[in-house]
Amino acid sequence: MCNLYSFRKSPEEVKALFDYPEQPNFPPRDVVAPGQPIAIVKGEKANRHFALVRWGFVPSWTKEMKAGKPLTNARSETVFEKPSFRHAIRRRRCLIPADGFYEWKGDVPGRKQPFHIIGPDNGLLASAGHSGSL
């Protein structure tokens with residue numbers, strides 16, 4: 001997943017697509033960044049739930065997060081082997097609803113241009129994620 005995305009859909013639109021029992025009230029946001037609260041949908045299809053969590057993955061074996069930031073990306077090619085992710089990918093998956101994401105073009109730091117990428121119908125998208133606990 002990219003490190004910036006948009007989530008401008010209403011709580012009613014998200015609930016209609018993911019079919020969870022909660023009635024959350026979350027604000028739409030044009031830009032969502034690591035470290036911010038994000039909406040997730042966790043659980044199996046017959047038992048889905050909505051939750052607000054802080055975006056960032058801290059491996060289970062880490063005692064405390066030092067000066068660095070939590071992890072925000074995993075490579076699909078190695079996610080099942082890397083110690084940071086291998087337990088989480090098997091047991092604590094979730095979906096992260098969004099309606100678009102940002103990619104950057106350019107190779108000069110500070111002069112890159114963001115491009116907002118959306119689906120053809122401007123509908124909801126979902127990225128794979130990890131929830132702290134299920």
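Further up the page is the structure itself.
The numbers attached to residues start from 1 for each chain and follow its sequence in the written order. Totals for whole chains, interfaces and linings use every residue, but because this is a predicted model, local features are given only for residues with pLDDT of at least 70 and side-chain atom pairs only at 80 or more, for both listing and counting. Calculated side-chain values reflect all of the structure's heavy atoms, with hydrogen atoms and water omitted.

Novice: An account of the pattern of salt bridges is needed here, citing residue identities and associated values.
Specialist: We count a salt bridge whenever a side-chain nitrogen from Lys or Arg sits within 4 Å of a carboxyl oxygen from Asp or Glu. Considering all chains together, one arrives at 1 salt bridge under this definition. The shortest N-O distance in the salt bridge between Asp-99 and Arg-8 comes to 3.4 Å. Of this pair, Asp-99 sits in the loop between strand S5 (93–98) and strand S6 (100–105) while Arg-8 sits in the loop between strand S1 (5–7) and helix H1 (11–18); the two residues are 91 residues apart in sequence, bridging distant segments of the chain. For helices the rule is a DSSP run of H or I covering at least 4 residues; for strands it is a run of E covering at least 2, with both sets numbered from the N terminus onward.

Novice: So what about the environment of Glu-103? Which residues, and what values?
Specialist: Along the polypeptide, Glu-103 turns up in strand S6. Taking the C-alpha atoms as reference, Glu-103 lies 5.7 Å from Pro-114; in sequence the two are 11 residues apart. Here, residues are in contact when the closest pair of their heavy atoms is within 4.5 Å. Beyond its immediate chain neighbours, meaning those up to four positions away, Glu-103 contacts Cys-2, Gln-113, Pro-114, Phe-115 and Ile-117.

Novice: Report on the side chain of Arg-48, specifying residues and quantitative values.
Specialist: Note on placement: Arg-48 falls in the loop between strand S3 (37–42) and strand S4 (49–54). Between buried and exposed lies partly exposed: a residue is buried under 20% and exposed over 50% of the maximum accessible area for its type, with that area taken using a 1.4 Å probe on protein chains only. Charge counting treats Lys and Arg as positive and Asp and Glu as negative, with His and both chain ends excluded. One buried charged residue, Arg-48, forms no salt bridge at all, with the nearest opposite charge on Asp-19 at 6.1 Å. A distance of 3.0 Å separates a polar side-chain atom of Arg-48 from the backbone oxygen of Phe-18. Setting aside its immediate chain neighbours within four residues, Arg-48 contacts Leu-17, Phe-18, Asp-19, Tyr-20, Pro-21, Glu-22, Val-41, Lys-42 and Gly-43. The term polar contact refers here to a pair of N or O atoms within 3.5 Å; inside protein, the definition further demands a hydrogen-donor-capable atom paired with an acceptor-capable atom, and it admits residues adjacent in sequence only when both atoms are side-chain atoms.

Novice: How would you summarise the nonpolar core if you had to cite specific residues and measurements?
Specialist: Grouped together as the largest cluster of nonpolar side chains are 17 residues, with contacts concentrated most on Tyr-5, Phe-7, Tyr-20 and Ile-38. Counting residues per element, the ones that place at least two in this core are S1, H1, S3, S4 and S5. The dominant element in this core, judged by the number of residues it contributes, is S3, at 4 residues. If we skip the residues at most four places from it in the chain, Ile-38 touches Tyr-5, Arg-29, Val-32, Ala-51, Leu-52, Val-53, Trp-55 and Ile-96. Nine residue types can take part in a nonpolar core, namely buried Ala, Val, Leu, Ile, Met, Phe, Trp, Tyr and Cys, and a core is a set of them joined through side-chain atoms within 4.5 Å.

Novice: So what about the sheet that holds strand S7 (residues 113–117)? Which residues, and what values?
Specialist: In this scheme, strands are said to pair when DSSP sees at least two bridges between them. Strand order in this open sheet of 4 strands is S2-S1-S6-S7, and the pairing throughout is antiparallel. Strands at the two margins of the open sheet, each flanked by one partner only, are strand S2 (29–32) and S7. With direction set aside, neighbouring strand axes in the sheet form an average angle of 30°. Relative to S2, S1 runs antiparallel, the two sharing 2 bridges. In this description, a line fitted to the C-alpha atoms serves as the axis of each element, helices being fitted only across the stretch in contact, and the angle between N-to-C directions of two axes falls anywhere from 0 to 180 degrees.

Novice: With reference to specific residues and values, describe the sheet that holds S4.
Specialist: Sheet architecture is open: 4 strands sit in the order S4-S3-S5-S8, paired in antiparallel fashion. Each end of this open sheet is capped by a strand with a single partner; those strands are S4 and strand S8 (125–130). Looking at each pair of strands side by side, their axes are set apart by 40° on average, direction ignored. The sheet contact formed by S3 and S4 spans 6 bridges and is antiparallel. For Pro-37, the partnering residue across the bridge sits in S4 and is Arg-54.

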